[in-house]
Amino acid sequence: MSGQRITRERFADATVAVVVGAITVLVAVADDRAGPVDWALIAAGSLALAAHRRAPRAVLAITTACLLADVVHAGPASSLALPVVGAVHTAARTGHRGTAAAAAGVFLAGYVTVGSAASDVVREALLLAGWFLCAVVTGLADRNWQAYLRQTEQRALEAERTREEAALRRAGEERLRIARELHDSLTHSISIVKLQAGVAVHLARKRGEDVPLALLAIQEASGEAMRELRATLEVLRTDEPTGTPALLVERARAAGLAVDLTVTGDERPLAATVDRAMYRIVQEALTNAARHAGPAKVSVQLTYGEGDLTIGVEDDGTADPSRPPTAGIGLTGMRERVTALGGTLEAAPRAEGGFAVRARLPLGEAG
């Protein structure tokens, strides 16, 4: 429960308690039967209602005792039952129906005993008994209604979770279908091209002829296309990270890229979606640095805040602020991941030269 909601509920409870106390005091004053002691008892019993959410039974005991004491002190009056009816209702609503009924019975017994000399005390007691019965019944009805609302909300959350799981499953099945289609339609043709180019190069060398540069380019390009296609199919088959940012940095260093990794803040397990996005952002940023930054130094910063994770990847390469790059598939996919999680992404050349990627991802519960 948020702090604002708690504050609103406490203000509403205090307002109700003040209104009930004011009404009871005004009726007592109008009947010319209230003195300072009566005002104090009514005020204490009524204002206690402000704490009914935190201590319903204690509030019920205090309210009943104070108003019954005023009945004994100033004589019976049906208006004095108003705060007690409210306390009985709140106690029944929180599940203490037996205690609520007992408090109502004690108040009625004291009311009848004190007013036994009055001719209409029985009629007033029966009327108050109806009030108390209504308070208990409405309290139980309110409790059942709140339970029904909670169950409905839980079912809605469960249905939403089921829909999300089904959507993820369908997306996974679609990725597998695309991977199979690409494999069937492209890998066979590229393999044939590579094989034929290789055979042609081999025969030319065997005959002592100069190998055409175009043929060598075809052989190299087909091999590179096969490698990239396999990598693409692997990504389509699974969207899960295959390591950590630290492992990505180690791989980049092994490939000759000068990379430093800095982690600040309270490092902790992340939700699966956030962890996956972090991995892919660092992976794409390092890949772009290796391809476009030239001989540059790259720094990777992971900053864990209380409610978010900031990912920064900067290089001092050849990017020029006056010539911003066109967003390709990598940057577009990176932005889509961040936006889907409700975060922000900045990717642009730095004023001092080089390129910077900065993403902020809200942290969810670790899953």
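> Provide a residue-level description of the overall build of the protein chain, including the pertinent values.
Along the protein chain, the regular secondary structure elements total 10 helices and five strands. Within the protein chain, the fraction of its 367 residues that count as buried is 32%. Put simply, of all contacts in the protein chain between residues at least 6 apart along the chain, 69% involve residues at least 24 apart. With an accessible surface of roughly 21600 Å², the protein chain has 59% of that area assigned to carbon and sulfur atoms.

> Quick one: what's the story with helix H2 (residues 36–47), residue by residue and with numbers?
Counted at 1.5 Å a residue, the expected span for H2 with its 12 residues is 16 Å, and the 16 Å between its end C-alpha atoms agrees. For H2, the complete set of buried residues consists of Asp38, Ile42, Gly45 and Ser46. Buried residues of H2 fall within an arc of 95° about the axis and therefore sit on the same side.

> For the sheet that holds strand S1 (residues 258–265), give the residues involved together with the corresponding values.
Read across the sheet, five strands follow the order S1-S2-S3-S5-S4 without closing on themselves; strand pairing throughout is mixed. If you trace the sheet from one side to the other, it starts and ends with S1 and strand S4 (344–349), each paired once. Across the sheet, the mean angle from the axis of one strand to that of its neighbour is 10°, orientation sign disregarded. As defined by bridge partners, S1 adjoins strand S2 (residues 297–304) across eight bridges and the pair is classed as parallel. The partner of Val259 across the bridge, within S2, is Val298. Of the strands in this sheet, S1, S2, strand S3 (308–315) and strand S5 (355–362) touch helix H9 (residues 272–292), which is tilted by about 175° from S5.

> I'd love a proper account of the pattern of salt bridges, names of residues and values included.
Scanning all chains against the criterion turns up seven salt bridges. Between Glu352 and Arg350 there is a salt bridge, with its nearest N and O atoms 3.4 Å apart. The exposed category is assigned to Glu352, whose relative accessible area is 60%. Judged by relative accessible area, which is 17%, Arg350 ranks as buried. Connected via shared salt-bridge partners are Glu314, Arg350 and Glu352.

> Let's hear about the nonpolar core: which residues, and what values?
The nonpolar side chains of a soluble globular protein tend to be buried with one another. In terms of nonpolar packing, the biggest core is built from 32 residues, with Leu67, Val88, Phe107, Leu128 and Phe132 touching the most fellow members. Put simply, the parts of the chain that give this core at least two residues each are helix H1 (3–30), helix H3 (56–74), helix H4 (81–93), helix H5 (97–114) and helix H6 (121–206). Looking at this core, the element that brings in the most residues is H4, giving seven residues. Discounting chain neighbours no more than four positions away, the residues touching Phe107 are Thr64, Leu67, Leu68, Val71, Leu80, Ala81, Val84, Leu128 and Phe132. Judged by nonpolar contacts, the second largest core, of 31 residues, contains Ala289, Ile311, Val357 and Ala359.

> Account for the packing of aromatic side chains, naming residues and giving values.
Tallied over the entire structure, the rule returns three aromatic pairs. Linked through ring pairs, Phe107, Tyr111 and Phe132 together constitute an aromatic cluster.

> Could you give an account of the pairing of S3, with specific residues and numbers?
The buried fraction of S3 is high, at six of eight residues. Alignment of S2 against S3, held across seven bridges, turns out to be antiparallel. Across the sheet, residue Leu302 finds its bridge partner in S3, namely Ile311. In terms of strand pairing, S3 meets S5 through seven bridges, oriented antiparallel. Looking across to S5, one finds that Asp308 is bridged to Pro362.

> Before we move on, can you summarise the packing of H2 against H3 with the specific residues and values?
Between two packed helices, both the angle of their axes relative to each other and the distance between the axes serve to describe the pair. At a closest axis distance of 8 Å, the pairing of H2 and H3 adopts a crossing angle of 160°. Relative to H3, the element H2 is oriented roughly antiparallel. The interaxial crossing formed by H2 with H3 has left-handed handedness. Listed contacts from H3 to Val37, Asp38, Leu41, Ile42, Ala44 and Gly45 of H2 are Ile62, Thr63, Cys66, Leu67, Ala69, Asp70, His73 and Ala74. Across the contact of H2 with H3, the residue classes break down as nine nonpolar, three polar and two charged.

> Got a sec to walk through the environment of Ala258? Specific residues and values, please.
With respect to the helices, strands and loops of the structure, Ala258 is situated in strand S1. Residue Ala258 is classed as partly exposed on the basis of its relative accessible area, which comes to 38%. Spatially, the C-alpha atoms of Ala258 and Pro295 are 8.3 Å apart, while their sequence positions differ by 37 residues. In this view, Ala258 contacts Ala296, Lys297 and Val298; residues no more than four positions away in its chain are not counted.

Conventions we followed
- Residues numbered from 1 in each chain as written.
- Predicted model: local features only at pLDDT ≥ 70, side-chain atom pairs only at ≥ 80, totals over all residues.
- Heavy atoms only, no water.
- Helix = DSSP H or I, 4+ residues; strand = E, 2+ residues; numbered from the N terminus.
- Buried < 20%, exposed > 50% of the residue type's maximum accessible area, 1.4 Å probe, protein only.
- Contact = heavy atoms within 4.5 Å.
- Areas by Shrake-Rupley, 256 points an atom, 1.4 Å probe, with all protein chains shown as cover.
- Expected span 1.5 Å × (residues − 1).
- Arc of directions from axis to C-beta.
- Pairing = 2+ DSSP bridges.
- Axes fitted to C-alpha atoms, helices over the stretch in contact; angles between N-to-C directions.
- Salt bridge = Lys/Arg side-chain N within 4 Å of Asp/Glu carboxyl O.
- Core = buried A, V, L, I, M, F, W, Y, C linked by side-chain atoms within 4.5 Å.
- Phe/Tyr/Trp six-rings, centres within 6.5 Å; stacked < 30°, edge-to-face > 60°.
- Parallel < 35°, antiparallel > 145°, perpendicular 65-115°, else oblique.
- Left-handed = near helix turned anticlockwise from the far one by under 90°.
- Nonpolar A, V, L, I, M, F, W, Y, C, P; charged D, E, K, R; others polar.

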